[in-house]
Amino acid sequence: MKFSFSCAGLPLQDLIVGASVYFPPIFKAVMLGFLIWLVAHRLLRDWMYSGEIWHPMLMDLSLFTLSVCLGLALLIAW
């Protein structure tokens, strides 16, 4: 009796292959962006929370988004 998980055409196999192709680069960009955000947040915290420019939460969220974009750009460049 032979039982194989490598049957072609199964939706689960497509999901596993798709996850291995698309998930890791996005995960790496978020992790690298988080590290960039930690440094930038520490440096800009007093200015962001003073409320001069935007609401502090919006400024923090936009800084995180820019950090993830920078992380993705660094991953693409290297």
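What you see is a predicted model, and the numbers here were worked out from it, not measured in a lab. (Residues numbered from 1 in each chain as written. Predicted model: local features only at pLDDT ≥ 70, side-chain atom pairs only at ≥ 80, totals over all residues. Heavy atoms only, no water.)

### Some words on the side chain of His41
Topologically, His41 is positioned in helix 1 (residues 11-49). Its relative accessible area of 13% is what places His41 among the buried residues. The contact partners of His41, leaving out residues within four places of it in the chain, are Met48, Tyr49, Asp60 and Leu63. (Helix = DSSP H or I, 4+ residues; strand = E, 2+ residues; numbered from the N terminus. Buried < 20%, exposed > 50% of the residue type's maximum accessible area, 1.4 Å probe, protein only. Contact = heavy atoms within 4.5 Å.)

### A few points about the packing of aromatic side chains
One pass over the structure, following the stated rule, counts two aromatic pairs. Ring geometry for Phe34 against Trp37: centres 5.8 Å apart, planes inclined by 25°, an arrangement best described as stacked. Of this pair, Phe34 and Trp37 are both found in helix 1, three residues apart, which corresponds to roughly one turn of the helix. Residue class for Trp37 comes out buried when judged on its relative accessible area of 15%. Residues Trp37 and Phe64 carry aromatic rings whose centres are separated by 6.1 Å and whose planes lie at 85° to one another, so their mutual orientation is edge-to-face. Taken as a pair, Trp37 in helix 1 and Phe64 in helix 2 (residues 56-77) lie far apart in primary sequence, 27 residues in all. In this structure Phe64 comes out as partly exposed when scored by relative accessible area, which is 27%. Each residue in the set Phe34, Trp37 and Phe64 is aromatic and connected to the rest through ring pairs, giving one cluster. (Phe/Tyr/Trp six-rings, centres within 6.5 Å; stacked < 30°, edge-to-face > 60°.)

### As for the nonpolar core
Counting residues in each nonpolar core, the largest one holds five residues, listed as Trp37, Ala40, Met48, Met59 and Leu63. Contributing elements (two or more residues each) for this core: helix 1 and helix 2. Per-element tally for this core: the top contributor is helix 1, with three residues. (Core = buried A, V, L, I, M, F, W, Y, C linked by side-chain atoms within 4.5 Å.)

### Points about the side chain of Ser67
Within the secondary structure, Ser67 sits in helix 2. Here Ser67 falls in the buried class, since its relative accessible area comes to 3%. Those residues in contact with Ser67 that lie beyond four places of it in its chain are Gly33, Ile36 and Trp37.

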